[in-house]
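# A closer look at the structure
The primary structure of each chain is shown beneath.
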Amino acid sequence: MSGVNGVRGEVSVVLAGEARRLCLTLGALAEIETGLQVSGLAALAERMRALSAGDLLVVLAALLRGGGERELAQGLADAAVDPREAAEAVARAFAAVA
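This report concerns the structure included in the present document.

About the criteria used
Starting from 1, residues in each chain are numbered consecutively following that chain's sequence as written. Only residues with pLDDT of at least 70 are given local features in this predicted model, and only at 80 or more are side-chain atom pairs given and counted; all residues enter the totals for whole chains, interfaces and linings. Excluding hydrogens and water, the side-chain figures rest on all heavy atoms present in the structure. Put simply, DSSP marks the helices as runs of H or I at least four residues long and the strands as runs of E at least two long, and each gets a number from the N terminus on. For every residue, the accessible area (1.4 Å probe, protein chains only) is compared with the maximum for its type, and the residue is labelled buried under 20%, exposed over 50%, or partly exposed between those bounds. By definition, residues are in contact when any of their heavy atoms lie within 4.5 Å. In this description, accessible areas are obtained by the Shrake-Rupley approach with a 1.4 Å probe, and a residue is regarded as covered only by the protein chains that are shown. All axes are obtained by fitting lines to C-alpha atoms, using only the stretch in contact for helices, and the reported angles, taken between N-to-C directions, cover 0 to 180 degrees. For classification purposes, an angle smaller than 35 degrees is called roughly parallel, one larger than 145 roughly antiparallel, one from 65 to 115 roughly perpendicular, and anything else oblique. Rotating anticlockwise by less than a right angle from the far helix to the near helix defines a left-handed crossing, while the corresponding clockwise rotation defines a right-handed one. Residues are grouped as follows: nonpolar covers Ala, Val, Leu, Ile, Met, Phe, Trp, Tyr, Cys and Pro; charged covers Asp, Glu, Lys and Arg; every other residue, Gly included, is treated as polar. For a helix, the expected span equals 1.5 Å multiplied by the number of residues minus one. Here, nonpolar core means buried Ala, Val, Leu, Ile, Met, Phe, Trp, Tyr and Cys residues that are tied together by side-chain atoms lying within 4.5 Å of each other.

## Quick look at the overall build of the chain
Summing up its helical and strand segments, the chain has five helices and two strands in all. Based on the C-alpha atoms only, the size of the chain along its principal axes is roughly 35 × 30 × 20 Å. Per-residue burial over the chain gives 36% buried out of 98 residues. Put simply, 53% of the contacts in the chain that link residues at least 6 apart link residues at least 24 apart. By element, 53% of the accessible surface of the chain is carried by carbon and sulfur atoms, the whole surface being about 5,500 Å².

Put into structure tokens, the structure is as follows:
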């Protein structure tokens, strides 16, 4: 995928057979905290150590929206996304801002 801005923390990953952009924006972070019902980075870090499939959907959808991939984020539950692929994508997005 062209146009991925690594300085902004964007990463390119292949999900559902296409290159997609993920980005951990402040809005995505707030959405993740709300979706996982945690408050603060320490609680989020603890929760991220053992995500359920539903949690993974929440996190991945927020990161997709942060990267401008709203269409896939909206239909993520019905998309052909491998769980391992999804987990690796989430890890890459968080590592990009570390």
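## So, the packing of helix α1 (residues 26–36) against helix α3 (residues 53–66)
Across the interface, α1 lies against α3 with an axial gap of 9 Å and an inter-helix angle of 160°. Comparing their axes, α3 and α1 come out roughly antiparallel. In this structure, the crossing between α1 and α3 has a hand that is right-handed. Contacts between α1 and α3 involve Ala-28, Glu-31, Ile-32, Gly-35 and Leu-36 from the former and Asp-55, Val-58, Val-59, Ala-62, Leu-63 and Arg-65 from the latter. Residues that form the contact of α1 with α3 fall into these classes: seven nonpolar, one polar and three charged.

## Side note on α3
The first and last C-alpha atoms of α3 sit 20 Å apart over 14 residues, in line with the 20 Å expected at 1.5 Å per residue. Considered for burial, the residues of α3 that qualify are Asp-55, Leu-56, Val-59, Leu-60, Ala-61, Ala-62, Leu-63, Leu-64 and Gly-66. Those residues of α3 that are buried lie in contact with β1 (10–15), β2 (18–23), α1, α2 (41–48), α4 (70–74) and α5 (83–96). One or two residues past the end of α3 sits Gly-68, with phi positive at roughly 85°.

## A short note on the nonpolar core
Formed by 26 residues in total, the largest nonpolar core has its most connected members in Leu-15, Leu-22, Ile-32, Leu-60, Leu-63, Leu-64 and Leu-76. Of all the secondary-structure elements, those providing two or more residues to this core are β1, α1, α3, α4 and α5. Ranked by residues supplied to this core, first place goes to α3 with seven residues. Setting aside anything within four residues of it in sequence, one finds Leu-15 in contact with Arg-20, Leu-60, Leu-64, Leu-72, Val-81, Glu-85, Ala-86 and Ala-89.

## Regarding unusual backbone geometry
Non-glycine residue Ala-16 carries a positive phi angle of around 55°. With respect to the helices and strands, Ala-16 occurs in the loop between β1 and β2. For Ala-16, a relative accessible area of 28% puts it in the partly exposed group. One non-glycine residue with positive phi stands out, namely Gln-37, at about 55°. One can find Gln-37 in the loop between α1 and α2. For Gln-37, a relative accessible area of 74% corresponds to the exposed category.

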